[in-house]
Amino acid sequence: MRHRAQTVCIKRHNCIETWKHRVSKLQQAPQFNLRFARARSRDPGISSTNYIVVLLTAEEILSTMCGIREPNTLSNISQVKTTHLHLDWTISFEKKILSGYVVLDLITLVDNVEKVVLDSSFLDVTKASYEGKEVKFSIGERQDTFGSALTVELPTIAKAGTAFKLRVDYSTTDKCTAIQFLKPSQTEGKQNPYLFSQCEPIHARALSPCQDSPSIKLTYSAVVTSPLQVVMSALHTGVKDVGNGLKAYSFEQRTTIPSYLIAIAAGNLVGREIGPRSTVWCEPEVIDSAAWEFADTEKFISTGEQLLTPYEWGRYDLLVLPPSFPYGGMENPCLTFVTPTLLAGDKSAVDVVAHEIAHSWMGNLVTTESWEHFWLNEGWTVFIERKITGRIHGEAERQFSSIIGWKALKESTELFGADSPATRLNTDLTGIDPDDYFSSIPYEKGFNLLYHIEKVVGGPKIFEPYMKAYVENFASKTVNTEQWKTFLYEYMGKTYGQEVVDKLNTIDFELWLRGTGMPPVDPKFDTTLADACYELAHKWDTAREDKELKQFSAKDLENFTAAQKIVFLERLTDAEPLPHHLITKMDELYHLTPIRNADVRFRWQQVCLQTSFEPIYPEVVKFVTEQGRMKFVRPLYRLLYKAKNGAQLAKDTYLEHRDFYHPIAGQLIEKDIGLKQ
């Protein structure tokens, strides 16, 4: 626990003018007595004032007073809360906008509410209505990536707990960061336009005025009028012909979600059933390969249910997006968005689906309270993903995947710097765009903390029942790091007694959660499947002076899985850049350049760029312009930019293809290659 004995300044909450007044308000807060009682049971001599000053962190103070600490929203979440959104949109592919309105069901949290402040970003707002009557609204000055506060004036609502409706009429604009409209030429079929959204982390405010914070969990419904098939992160409840070649598609999301999980796509889409509760959607040109690649989806879902709780969302469909989609997958409920780079033709990349399915519990059902606790979404999801794949493929595969993750964690830590606050699990995002901290760290450092806890407390027999209890306790709620830790201790103490609590006390949680750099403990993963990869990489690394290289043959990789090829190449990226004659021989023997698996292709190009092997440059340009997955394009652009004779090529390539990339990816690539500060 962090000790802050001096006055704590809480931004955006100016209702408390002095420290003495803060103490008084805290002592009256409904949650305070319970917390103080727990503290006093540990230290009977402590006064309530000392408890506030010495023991509570700034985050805990804000949590007690207002519910959460949330630096990445402009909305007045301490005064009102959204419970439901209804969206009514018409898609114009010609104008590249969504137009219509949103109706927000809200409830007051305090007395005398006079306004609703919503997050918005690059929206053209035309009207606001309160309970059917038009009211005044204003849009504040843009706050960089956080957008603009949309303030709607209300007649004073005297009592907390009052429910009301607010309607906002608006349209998106060409600056919208949540939606990418694609020309027909950017799709597989080349005949029809396409659109898809990506709202995580703080781009839902560019899709609709809302309280764009993970702390606000709501249900939503939608009616979308479009000339092309529409799918959303909700259950499809109907479609009707409305004339002029248009249809109105209806949707309902009945389980509460945060705003970043609202998602839409529209285009020339077809669906094919691949399981009892799953359909894969995509353009007709790839439906056969997609249905084959994802045929094992039900196996992943049922394994997740065995580990945790019954699947709550009804449907688990997949949408294979066009190549510019910036992520490997996005866990939109009922409809996971996936990159076409997973269509490797051999099912070697589909474990990404296990990750997105794990999000059905970790992130979607149990949601981080704010982006400062993002590791609770992603660390838990990686942990469950590897539990699923371990159950299906064996423990050695889980360990092997963890080794690959460790490498990714190491690279992210090196990129930010070992002392960077971006390498903390529980981060401070005051004034920081969460996108700027996006990396493998919350995923893999979070996984390693949970993996370490599991080992310390006694293994899966003790830890796996806790996983299920954690989901049951926080289902349909949000959770922060302190609440996660409190429940961990409470569950272990109640279920297994002081002996296991004593084991937990050997873990330096402060260092794990708020320390920078790599994890403080070596995980000592089982290297059974990695040893052959390490040996072959070492063999190449020590052959630098050898001109004949007769000790190598095509058979070296004959029995390697795609994952083993990845680890072999990753090991080489840790070595000094290889001489060019080794690169040439390696490709001659192993035929790495034409490999279709995107992860292998990425690692091979990384090895080549690190040594400025110019014959690979055209292949790099081809790879970064035929798909927009940030996992691949950002590191490759950075490496090309740093390589000999590569900087101008990197800039020219990006500028020529700028419109191909999703806005989120484009903003970050521009920073990577010096086009934007």
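Not measured: the values here are computed from a predicted model. Counting starts from 1 at the beginning of each chain's written sequence and moves along it residue by residue. Only residues with pLDDT of 70 or above have their local features reported here, since the model is predicted, and side-chain atom pairs are shown and tallied only from 80 upward, although totals for entire chains, interfaces and linings are computed over all residues. Working from all heavy atoms in the structure, the side-chain values ignore hydrogens and water.

## Quick notes on the overall build of the chain
Reasoning step 1: Of regular secondary structure, the chain possesses 22 helices and 22 strands.
Reasoning step 2: Each radius of gyration reported is based on C-alpha atoms, and the globular scaling rule is 2.2 Å times the count of residues to the power 0.38. Taken over the C-alpha trace, the chain has a radius of gyration of 26 Å; the compact-globule value for 677 residues is 26 Å, and the two agree within 12%.
Reasoning step 3: For the chain, the spread of C-alpha atoms along the principal axes amounts to about 85 × 70 × 50 Å.
Reasoning step 4: Buried means the residue's accessible area, taken with a 1.4 Å probe over protein chains only, is under 20% of the maximum for its type, while exposed means over 50%, and partly exposed covers the values in between. Looking at the chain as a whole, 59% of its 677 residues are labelled buried.
Reasoning step 5: We call two residues contacting when some pair of their heavy atoms lies within 4.5 Å. Within the chain, contacts between residues at least 6 apart in sequence are counted, and of these 72% link residues at least 24 apart.
Reasoning step 6: The positive charge centre, built from 75 side chains, and the negative charge centre, built from 85, are 3 Å apart in the chain. The numbering of helices and of strands both runs from the N terminus, where a helix is a DSSP run of H or I of at least 4 residues and a strand a run of E of at least 2. Charge assignment in this entry is limited to Lys and Arg as positive and Asp and Glu as negative, and neither His nor the chain termini are counted. Charged groups are reduced to one reference atom each: NZ for lysine, CZ for arginine, CG for aspartic acid, CD for glutamic acid.

## A word on the packing of aromatic side chains
Reasoning step 1: Classification of ring pairs uses Phe, Tyr and Trp, with its six-membered ring standing for Trp, and accepts pairs whose centres are within 6.5 Å; under 30 degrees between planes counts as stacked, over 60 as edge-to-face, and the remaining range as tilted. Under the defined criterion, the tally for this structure stands at 43 aromatic pairs.
Reasoning step 2: Here Phe438 and Tyr443 contribute two aromatic rings whose centre-to-centre distance is 6.1 Å and whose plane-to-plane angle is 85°, an arrangement assigned as edge-to-face.
Reasoning step 3: Distance and angle both matter: a charge sits over a ring if NZ of Lys or CZ of Arg is within 6 Å of the ring centre and within 35 degrees of the ring normal. The side chain of Arg142 reaches across the aromatic face of Phe122, ending 3.7 Å from its centre.

## As for the sheet that holds strand S16 (residues 270-275)
Reasoning step 1: Only strands that DSSP links by at least two bridges are regarded as paired with each other. Across the sheet, 5 strands lie side by side as S16-S17-S18-S20-S19; this open sheet has mixed pairing. Whereas interior strands pair on both sides, the edge strands pair on one side only; in this sheet they are S16 and strand S19 (329-330).
Reasoning step 2: Here S19 pairs with strand S20 (residues 335-338) via 2 bridges, running antiparallel. Bridge pairing in S20 links Met330 to Phe337.

## A few points about the UniProt feature "active site" (unreviewed entry) in the chain
Reasoning step 1: UniProt positions are given in the numbering used here, feature names are shortened, and annotations may be inferred rather than shown by experiment. Here the UniProt-annotated "active site" (unreviewed entry) positions come out as Glu356 and Tyr443. The greatest C-alpha distance among the annotated residues, which extend across 88 residues, is 12.7 Å, indicating that they converge on a single site.
Reasoning step 2: Looking at the secondary structure, you find Glu356 in helix H7 (residues 351-358).
Reasoning step 3: By relative accessible area, which is 4% here, Glu356 ends up buried.

## A short note on the pattern of salt bridges
Side chains that differ in charge, positive against negative, can pair when their charged atoms come close.
Reasoning step 1: Each reported salt bridge corresponds to a side-chain nitrogen of Lys or Arg within 4 Å of a carboxyl oxygen of Asp or Glu. Under the counting rule described, the total for this entry stands at 34 salt bridges.
Reasoning step 2: A salt bridge links Glu411 to Arg603, with the nearest nitrogen and oxygen atoms 2.8 Å apart. A residue pair is termed long-range when its members are at least 10 positions apart, and Glu411 in helix H9 (residues 395-416) and Arg603 in helix H18 (residues 598-610) qualify at 192 residues.
Reasoning step 3: Notably, a salt bridge pairs Arg514 with Glu510, separated by 3.1 Å at the nearest N-O pair. Placement of the pair is Arg514 and Glu510 together in helix H14 (residues 509-514), with a separation of 4 residues, close to one helical turn.
Reasoning step 4: Several salt bridges converge on common partners, so that one network encompasses Lys387, Arg391, Glu395, Arg398, Glu454 and Glu464.

## Some points on the packing of H9 against helix H10 (residues 441-457)
Reasoning step 1: Lines fitted to C-alpha atoms define the axes, with helix axes restricted to the stretch in contact, and inter-axis angles between N-to-C directions lie between 0 and 180 degrees. Across the interface, H9 lies against H10 with an axial gap of 8 Å and an inter-helix angle of 130°. Between H9 and H10, the angle falls in the class oblique. Both H9 and H10 take part in a crossing whose hand is left-handed. For the pair H9 and H10, the contacting residues are Arg398, Gln399, Ser402, Gly405, Trp406, Leu409, Ser412, Thr413 and Phe416 in the first and Ile441, Glu444, Lys445, Phe447, Asn448, Tyr451 and Glu454 in the second. Angle categories: roughly parallel below 35 degrees, roughly antiparallel above 145, roughly perpendicular from 65 to 115, and oblique for all the rest. Should the near helix be turned anticlockwise from the far one by less than a right angle, the crossing is left-handed, and should it be turned clockwise, the crossing is right-handed.

## Quick look at unusual backbone geometry
Reasoning step 1: Cis peptide bonds are those with omega within 30 degrees of zero, and the linkage from Glu200 to Pro201 qualifies with 0°.
Reasoning step 2: By the secondary structure assignment, Pro201 is in the loop between strand S10 (194-197) and strand S11 (218-226).
Reasoning step 3: One non-glycine residue, Lys96, lies in the positive phi region at around 60°.
Reasoning step 4: Tracing the chain through its elements places Lys96 in the loop between strand S1 (80-92) and strand S2 (97-108).
Reasoning step 5: With relative accessibility at 39%, the residue Lys96 sits in the partly exposed group.
Reasoning step 6: Even without being a glycine, Lys524 presents a positive backbone phi close to 50°.
Reasoning step 7: With respect to the helices and strands, Lys524 occurs in the loop between H14 and helix H15 (531-541).
Reasoning step 8: We classify Lys524 as exposed; its relative accessible area is 63%.

## Overview of the sheet that holds strand S13 (residues 235-243)
Reasoning step 1: Sheet architecture is open: 8 strands sit in the order S5-S4-S8-S2-S1-S11-S14-S13, paired in mixed fashion. Edge positions in the sheet fall to strand S5 (133-135) and S13, since each of these pairs with one other strand and no more. Direction aside, the axes of adjacent strands within the sheet are offset by 20° on average.
Reasoning step 2: When S1 meets S2, the two strands line up antiparallel, connected through 12 bridges. Bridge pairing in S2 places Lys81 opposite Ile107.

## Quick word on the nonpolar core
Reasoning step 1: Here, nonpolar core means buried Ala, Val, Leu, Ile, Met, Phe, Trp, Tyr and Cys residues that are tied together by side-chain atoms lying within 4.5 Å of each other. Grouped together as the largest cluster of nonpolar side chains are 206 residues, with contacts concentrated most on Phe294, Trp380, Tyr470, Trp484, Trp540 and Phe568.
Reasoning step 2: The greatest single-element share of this core, amounting to 8 residues, is contributed by helix H11 (residues 460-474).
Reasoning step 3: Ignoring any residue separated from it by four or fewer positions in sequence, one finds Trp540 in contact with Leu549, Phe552, Phe568, Leu572, Leu578, Leu582, Lys585, Met586, Leu589 and Tyr590.

## Examining the pairing of strand S3 (residues 113-120)
Reasoning step 1: Where burial is concerned, most of S3 is hidden: 6 out of the 8 residues are buried.
Reasoning step 2: Relative to strand S7 (residues 148-157), S3 runs antiparallel, the two sharing 7 bridges. Its bridge partner lying in S7, Asp119 is registered against Ala149.

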